[in-house]
Structures are given as C-alpha cells and as structure tokens.
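Reading the structure
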Amino acid sequence: MSFANKVALITGSGSGIGAATALSFAEEGAHVVIVDCSEERANSTAEKCKHFGNKVLIITADVSKKEDLKKIIKNTIEEFGRLDILVNNAGTIKEGKILDGTLMDTFDDIMNVNLRAAVLLTCLAAPHLIEAKGCIINTSSITGIEARTGYGYPSYTVSKAALNHFTRVSAMEFASSGVRVNAVNPGPCTTNILVHAGIPGSFEEMAGLTALKKVCEPVEVANLILYLASDKAKSITGCCHLIDNGMALV
Ligand code: NAD
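In this report, the structure presented in the accompanying data block is examined. Since the model is a prediction, treat every value here as computed from it, not as a measurement. (Residues numbered from 1 in each chain as written. Predicted model: local features only at pLDDT ≥ 70, side-chain atom pairs only at ≥ 80, totals over all residues. Heavy atoms only, no water.)

Not every one of the 28 residues close to the ligand is listed here, only the nearest: Ser15, Asp36, Asn89, Tyr156 and Thr191. Note that a nitrogen atom of the ligand is positioned 3.2 Å from one of the backbone N or O atoms of Cys37. Here a nitrogen atom of the ligand sits 2.9 Å away from a polar atom, N or O, in the main chain of Val63. The protein chains hide 94% of the 830 Å² of surface that the ligand would expose on its own. Contributing elements (two or more residues each) for the shell around the ligand: α1 (16–27), α5 (154–174) and α6 (193–196). Its residues placed into classes, the shell around the ligand shows twelve nonpolar, twelve polar and four charged. (Near = heavy atom within 4 Å. Polar contact = N/O pair within 3.5 Å; in protein donor to acceptor, adjacent residues only side chain to side chain. Areas by Shrake-Rupley, 256 points an atom, 1.4 Å probe, with all protein chains shown as cover. Helix = DSSP H or I, 4+ residues; strand = E, 2+ residues; numbered from the N terminus. Nonpolar A, V, L, I, M, F, W, Y, C, P; charged D, E, K, R; others polar.)

Okay, here's the thing in structure tokens:
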C-alpha cells in the first residue's frame, strides 16, 4: 500500500485515531497534513511523522470554523499543489439528553465538528480531489449505525448517522469523477475522546460489550483507513465499515 508522492490530509490528527492514521500514511510514503485545534498535539504527531522522511505540514485550526477550513485547503494547496486523500476525522462527544432538557446545550457544537466540518471540507476539497482522482474517508462511529450503542449521547449518534448518509450521497455525486468516499465506524477504541468526555466505564467494561471481548487500538482503525484509501479498495465506495470487535452483533 505505497502512498509515495500522495498528499493525505487528516483532521483531528493530534491524537488517537487521527494521529495513528497520519503516522501510518507517513510510514507508507505519503506527505501528510496534520490538522488539529491543539498546536501541542499537532506538533507531537508531526515530530513522529517526520521520522519517515516525507513532508509534513502542520495546520492548527478549529474545524468548526469556516475560515479555518478555508485556510486548511489553501495552505495545503500552496504547500503541495495537490490533495489526494481527505480524512474527515476530528470529532467530539458530549452528553445531552432529551428528557432532562440538556440536548440542545450540546447539539450545535457537536454537529459543527462531527458533521458540518466534514461536509464543508468535502466541498472545499472537491476540485483538488477530482483533479487527483483521490478519495475521502470519514471517521464515523458504530453509534451512527446502532443507536443503542450511543445511548445518552443523542447529538453524537445523530451526527454520526448523518455522516454515514453524507458518505453515501457524496459517493454517488463524486462517482463519475473517479473519487471514492467511504466511512469507518469504530466501536470503542483506546483514545482520549471517551475519557475527556467523562464517559463512564473503563475500556475493560466496554470490551465486555463486544463479541470479541476487546476494544480497538487506534492503529487498527488507521489500517482500515489506509486500506480504503489504497488501490486495493478501488471497487469500494459509499460504504460504512464497522470495526467494532463484533459489538453490533451482541
Ligand atoms: P481523540 O480525542 O484522541 O482525538 C480527536 C482529536 O480531534 C484531538 O486531537 C482533538 O484536539 C481534535 N479535535 C477535536 N475537535 C476539534 C476541532 N474543532 N478542530 C480541530 N481538531 C479537533 O479521539 P479519537 O477517538 O481519536 O477521535 C477521532 C474520531 O474517531 C472522532 O470522529 C470520533 O468520533 C471517532 N470515534 C472514536 C471512537 C473511540 O472509541 N475512540 C469510537 C468511534 C468513533
């Protein structure tokens, strides 16, 4: 799966799945664009990617802001003159329930990061991806497929369900241009997002909810993303790929 001379842009690549994905692309020869709202985390991933000898561009940006999204594409094209792979990965999760009246406290923030940013970045990147006959991978979630797995986090699950459907409709629209669009839908994965959101339950307890009795490592999700971005997946578009240790089965 060589990505030599390809340019891969990964949002939310300062940590977790995004960081593992940036590192894997760099290892496979790609130039990588590291996008994160945390400069410290973006720098940390960039330092690791640089060991592989390809170019690394760091862009500190908040993907919920339209001006920042414009900057991301502008800086990428100025630096590399092309964009081959877009990974819409940045995400956030916050509690907010219907019945206790807190749903709308978090709804807009979550939609802006998890859905609107992916939609807008797709639009802004479109001409460059078409030129490169590139591809898009959206990091969605099992919660976008199985509502019960996101109980208590309705804004999050709705944002991911909408991202799944956006994956399908954008795959249809891009198909005649040779651009493929897919989503990955992880189950619980050992990253900071669940810890930072104060989601109750240890990774051990979450493992107990899956068929294989384990959780994912970020690099396993990265492996799937790289596969979907590679020529080996040239017949795959518009699909949402569970990577959940069989959580949806039980
Ligand atoms: P993470 O917290 O380790 O990484 C998320 C990164 O995104 C962080 O570095 C953060 O700074 C960045 N980010 C957040 N909001 C941003 C914004 N507005 N602008 C720019 N950067 C922003 O978490 P992760 O688990 O690696 O999350 C990556 C994706 O995986 C998310 O879309 C998440 O919903 C999805 N996901 C995670 C799990 C899991 O169990 N970890 C399961 C399913 C889906």
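Our focus in this paragraph is helix α8 (residues 218–229). Side chains three or four residues apart in an α-helix point the same way, a direct result of the helix having 3.6 residues per turn. Helix length check: α8 (twelve residues) gives 17 Å between terminal C-alpha atoms against 16 Å at 1.5 Å per residue, within 8%. All of the buried residues in α8 are Pro218, Val221, Ala222, Leu224, Ile225, Leu226, Leu228 and Ala229. (Expected span 1.5 Å × (residues − 1). Buried < 20%, exposed > 50% of the residue type's maximum accessible area, 1.4 Å probe, protein only.)

What follows covers unusual backbone geometry. The phi angle at Asn5 is positive, at roughly 70 degrees, despite the residue not being glycine. Of note, Asn5 is situated in the segment before β1 (7–11). Even without a glycine there, the phi angle at Lys133 is positive, about 50 degrees. Along the polypeptide, Lys133 turns up in the loop between α4 (103–132) and β5 (135–139).

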